Each structure stands twice: as C-alpha cells, then as structure tokens.
Amino acid sequence: MADHAEMTVMMSLALDGMLSSEEQKAFEGHLRSCVGCQEQWARWQQVDALLAAEPVAAPAPDFSARVLERVSQRGQRQRRLLGGALLLGGSLSVWGMVLLSLAGAALLWVLSDPSVAVHGAQVLSQLLGAGSLLVKAVGLGLESLVGPSVLPLLLTFVCVMMALTVLWARLVQRRPRRAPSLMLV
Ligand SMILES: [Zn+2]
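Just so you know, these numbers come straight off a predicted model, no measurement behind them. (Residues numbered from 1 in each chain as written. Predicted model: local features only at pLDDT ≥ 70, side-chain atom pairs only at ≥ 80, totals over all residues.)

Novice: It is not clear to me how the overall build of the protein should be interpreted in this structure. Could you clarify?
Specialist: Each helix and strand in the protein was counted, giving six helices and zero strands. For the protein, the N- to C-terminal ordering of α and β elements is α-α-α-α-α-α. Across the 185 residues in the protein, those meeting the buried criterion constitute 4%. A separation threshold of at least 6 residues defines the contact pool for the protein, and within that pool the share at least 24 residues apart is 55%. (Helix = DSSP H or I, 4+ residues; strand = E, 2+ residues; numbered from the N terminus. Buried ≥ 20, exposed ≤ 12 C-beta atoms within 10 Å, placed from the backbone. Contact = placed C-beta atoms within 7 Å.)

Novice: Honestly, the packing of helix α1 (residues 4–15) against helix α3 (residues 35–53) in this entry has me stumped. Any pointers?
Specialist: Packed helices, taken two at a time, are described by their axes: the angle between them and the distance between them. At a closest axis distance of 11 Å, the pairing of α1 and α3 adopts a crossing angle of 30 degrees. In this structure, α1 meets α3 at a crossing whose hand is right-handed. Residues His4, Met7, Met11 and Leu15 of α1 form the contact with α3, whose own contacting residues are Cys37, Gln40, Trp41, Trp44 and Asp48. Residue classes in the contact of α1 with α3 are distributed as six nonpolar, two polar and one charged. (Axes fitted to C-alpha atoms, helices over the stretch in contact; angles between N-to-C directions. Left-handed = near helix turned anticlockwise from the far one by under 90°. Nonpolar A, V, L, I, M, F, W, Y, C, P; charged D, E, K, R; others polar.)

Novice: It is not clear to me how the nonpolar core should be interpreted in this structure. Could you clarify?
Specialist: One broad trend across soluble globular proteins is that nonpolar side chains are buried collectively. Met7, Met10, Met11, Ala14, Cys37 and Trp41 form the largest nonpolar core, which has six residues in total. Sort the elements by how many residues they give to this core and α1 lands first, with four residues. Apart from the residues within four sequence positions on either side, Cys37 is in contact with His4, Met7, His30 and Leu31. (Core = buried A, V, L, I, M, F, W, Y, C linked by C-beta atoms within 7 Å.)

Novice: Can you walk me through the environment of Met7 in this structure?
Specialist: Assignment of secondary structure puts Met7 in helix α1. On the basis of neighbour count, Met7 is assigned to the buried category, with 21 C-beta atoms found within 10 Å. For the pair Met7 and Phe27, spaced 20 residues apart in sequence, the C-alpha separation works out to 7.3 Å. With near-sequence residues (within four places) excluded, Met7 lies in contact with His30 and Cys37.

Novice: Would you mind going over helix α4 (residues 63–112) with me for this structure?
Specialist: In an α-helix, one turn spans 3.6 residues, which is why side chains three or four residues apart end up on the same side. Along its 50 residues, α4 runs 73 Å from first to last C-alpha, staying within 8% of the 74 Å computed at 1.5 Å per residue. Burial within α4 is sparse, with just zero of its 50 residues counted as buried. (Expected span 1.5 Å × (residues − 1).)

Novice: Explain the confidence of the model for the protein here, please?
Specialist: Reading predicted coordinates in detail is not appropriate for stretches of low pLDDT. In this model, the protein carries a mean pLDDT of 79, and residues with pLDDT of at least 70 account for 78%. Model confidence for the protein, summarised as mean pLDDT per element, is weakest for helix α5 (residues 114–128) at 70 and strongest for helix α2 (residues 21–33) at 94. (pLDDT = per-residue confidence, 0-100.)

Take a look at the structure:
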C-alpha cells in the first residue's frame, strides 16, 4: 500500500476506530516503512487529542434567536436612553431659560429699588435653608419680591414654560416610533 491518499483515509478511519484488523495491520505496516506518513499520523493524532480535550460546543438550537433578541433589546434600550437624554436636555434648557428670566427680572427689580436688595438677601438666606423650608421660602420669597400684581403674570409665564416642556417631551417621545424598528416578531 504505497498510495498516500489512501493512507489519509486510513488515518481518518483509524482515529475513529473503524479499521478492520486486516486494514489495521496494513496501516501499521506502511507507517513503519514510511517516514512521511509517520509524521502525518503524528499530526492527525495531535489534532484529534486537541479536539477531544476541547469539544467544540455546538450552539443551542435557539442560540441565534436569543442573540438577535438581545441585540434588539440593546437597540431599544439605547433608543430609550437617547430619548431620556433629549428629554432631560430639553427640560433643563427650558427651565434654565425660566430661571434666567426670573434672575433677570429679580435683577431689574433690585436695580429699580435698592431696598429690595436687602429684602432679596433675606429671601436668599431663606432659600439656602435646607429641606422642606425651601419650597415655602420660594413661595414667600416670590410673593414678597414681586408683589401680588406681578405674581399672576409670573405664574402664567411658568405655566407657558411647563406647557413648552410637555410639548418638547411629546416631540422627543414620538421620535423613536418613526425610527425603523429592529424588533423581530
Ligand atoms: Zn506513506
């Protein structure tokens, strides 16, 4: 048996223990006389030992489905995060404008009447007081600062700003629905 291509087939069969005793004898006989096939047989056995030591794990039947589901979930989570960030950013910018407007109004008020500055400082110290006093201080401070005639105007302004915030939130929330869905049915 000098056909080396046939020897390759024999090696494969030998590894699987599928050689008949006669074939096994012929196989071993050729190996003894052929250095090239000895080396090849040694490599075959190494590979076989490696494969036996680390069996290639076959993916579970629902593996790809689970991967796709996870990718889809990650996409949804990213969209939610993006929406939340946009919503937060929009709200912060709107309320930043509100605060700036209030600060500007307060500054104008103080400039027009210096005595208000002293009162304002008192209100400010009240505002800096921690915890539940804060909300009460803001209410009292606003009332004493702007007076009853300006307060409704200010409240209207705040209401408009809140409406703008809600509008912004709706715009941001609508965005993901327009995006092409990655969801798999
Ligand atoms: Zn050979």
